[in-house]
Amino acid sequence: PRSDCIAAEQLCLSDSTCNATYRTLENCALAKTHVLPLDHDSRVRCLNAELDLGNSSLLHCKCHRRMKRQEHCLRVFWTVHSSMTDGYFNLETSPYENPANEEHWKTDYNKLAALLSGKGCSQLAGDATNSCLKATHVCNLSKKCVRLRTDYASICTKGAGSEDTCDRRKCHRGLRNFFEKVPEDFTKRILFCPCQDELCGERRRKTIVPDCSFQYNTKPSCLWLLDSCLEDHICKSRLADFQQNCQPADMSPDGCSQHNHAACLQAYMGMIGTPMTPNYVSNSSVEVSLWCTCESSGNQKEKCDQILGMFESNKCL
C-alpha cells in the first residue's frame with residue numbers, strides 16, 4: 001500500500017541495505033541541486049541505486065497537499081526520483097496523492113452564503129453583478145478564511161510596488177497558507193469568480209496582490225523563472241502536479257488528458273505562492289500567464305515558449 005514519504009523514509013532508514021541505498025540517492029540529489037555535472041560512473045551509480053529500491057515503499061510513496069512537514073515529505077520524494085528531472089523540465093509524475101484519495105472537509109460555505117443573502121448583503125454596491133465581491137463577503141463570515149486572507153493581504157501590501165520593501169518570500173508563504181488551509185469552496189470562488197465587468201475583473205486579478213506576489217520591475221526570462229522553481233522543493237512539486245493534471249488533449253471534452261478539469265484548477269491554485277506564480281493578465285479576460293518573457297532566450301526559445309505556453313495557451317486550463 002502507498003504510504004506517505006516520511007513514514008516510508010523512517011522504514012527504510014531502519015533497514016541497513018535500504019539505508020545505504022538511500023544515502024547514495026541523497027548524494028545524487030544533492031549534486032543535482034548544486035547543478036554539479038555527474039560523470040558517467042556517478043550517473044550509473046545513481047540510476048542503479050534508484051533501481052535497487054525495487055518494490056520499497058519509498059519508490060511508491062506520495063505526499064498530501066495539506067500535510068504537516070510537507071517540505072520534508074517532498075524532499076524525500078525528489079531524493080528517490082531525482083533522475084526524473086534530468087536535464088529537462090518535464091517532471092512526468094506528481095509527488096502529490098490523487099485529490100480523490102485525500103480527505104475532503106465539510107464546509108459551511110452554503111450556510112454562510114445563505115446567511116449573507118438573509119442579511120440583504122446582496123444589495124451592497126455592485127454585489128449583485130460582482131461575484132468576486134460576494135465571494136469575499138462570504139469569506140469574511142468564516143473566521144479561518146478571513147484570518148488567513150487578512151494575513152497574506154497585510155504581508156503582501158507592505159511596500160507593494162517598490163521591490164526593496166515588499167517581502168515576496170513572506171507574501172508567497174502567506175498565499176500558500178491561504179490556498180492550503182482554507183477549504184476550496186471558499187478559495188476557488190474567490191479566485192475563479194465569473195465577471196461581467198472590469199470592476200469585478202480587477203478585483204479578481206488583484207486577489208493575489210500581484211504588485212508583490214507576481215510582478216517584478218522588469219519581466220525576467222521564463223527560463224530563469226523555471227530554474228528558480230526547480231531549486232525549490234515545493235515549487236518543483238507544484239509544477240509536476242500542474243504538468244500532470246493540466247496536460248492538454250485535443251480530443252477530450254474538457255481539453256484535459258486526465259479528464260479532470262477540477263484537478264487542473266486545484267493544481268493551478270497550487271502554483272500560487274511559488275516562484276512560478278501565475279495570474280490573470282488583465283481586468284477584462286480570463287487569460288492567465290506567468291510574469292516572464294522569452295525575448296532573449298536564444299537557442300532555448302522553444303523550451304522557453306513551452307514553459308509560457310503551459311499557462312497562456314493551455315486548453316485544459
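Structural notes, computed from the coordinates.

About the cut-offs
- Residues numbered from 1 in each chain as written.
- Predicted model: local features only at pLDDT ≥ 70, side-chain atom pairs only at ≥ 80, totals over all residues.
- Heavy atoms only, no water.
- Salt bridge = Lys/Arg side-chain N within 4 Å of Asp/Glu carboxyl O.
- Helix = DSSP H or I, 4+ residues; strand = E, 2+ residues; numbered from the N terminus.
- Buried < 20%, exposed > 50% of the residue type's maximum accessible area, 1.4 Å probe, protein only.
- Disulfide = S-S within 2.5 Å.
- Axes fitted to C-alpha atoms, helices over the stretch in contact; angles between N-to-C directions.
- Parallel < 35°, antiparallel > 145°, perpendicular 65-115°, else oblique.
- Left-handed = near helix turned anticlockwise from the far one by under 90°.
- Contact = heavy atoms within 4.5 Å.

### As for the pattern of salt bridges
Line of reasoning, step 1. Evaluated as defined, the whole model comprises nine salt bridges.
Line of reasoning, step 2. Ionic pairing is found between arginine 189 and aspartate 185, a salt bridge with its closest N-O pair at 3.9 Å. A residue pair is termed a helical-turn pair when its members lie 3 or 4 positions apart in one helix, as arginine 189 and aspartate 185 do in helix H9 (residues 184-191) at four residues.
Line of reasoning, step 3. The exposure class assigned to aspartate 185 is partly exposed, which follows from its relative accessible area of 32%.
Line of reasoning, step 4. Between aspartate 250 and lysine 315 there is a salt bridge, and its shortest N-O distance comes to 3.0 Å. Note that aspartate 250 is positioned in the loop between helix H13 (233-245) and helix H14 (261-271) and lysine 315 in the segment after helix H15 (301-312), a separation of 65 residues in sequence.

### Side note on the state of the cysteines
Line of reasoning, step 1. Tallied over the entire structure, the rule returns 14 disulfides.
Line of reasoning, step 2. Note that cysteine 246 is cross-linked by a disulfide to cysteine 264, the S-S spacing being 2.1 Å. Looking along the S-S bond of the cysteine 246-cysteine 264 disulfide, the torsion reads about 110 degrees, which is the right-handed sense. Taken together, the residues cysteine 246 in the loop between H13 and H14 and cysteine 264 in helix H14 connect sequence positions 18 residues apart.

### Notes on the packing of helix H1 (residues 5-13) against helix H4 (residues 70-80)
When two helices pack together, their arrangement is given by the angle between the helix axes and by the axis-to-axis distance.
Line of reasoning, step 1. Remark: H1 packs on H4, axes separated minimally by 8 Å, with the N-to-C direction vectors making an angle of 60 degrees. Classified by the interaxial angle, the pair formed by H1 and H4 is oblique. Crossing handedness for the pair H1 and H4: left-handed. For the pair formed by H1 and H4, the contact residues are Cys5, Ile6 and Glu9 on the first element and His72, Cys73, Arg75, Val76 and Phe77 on the second.

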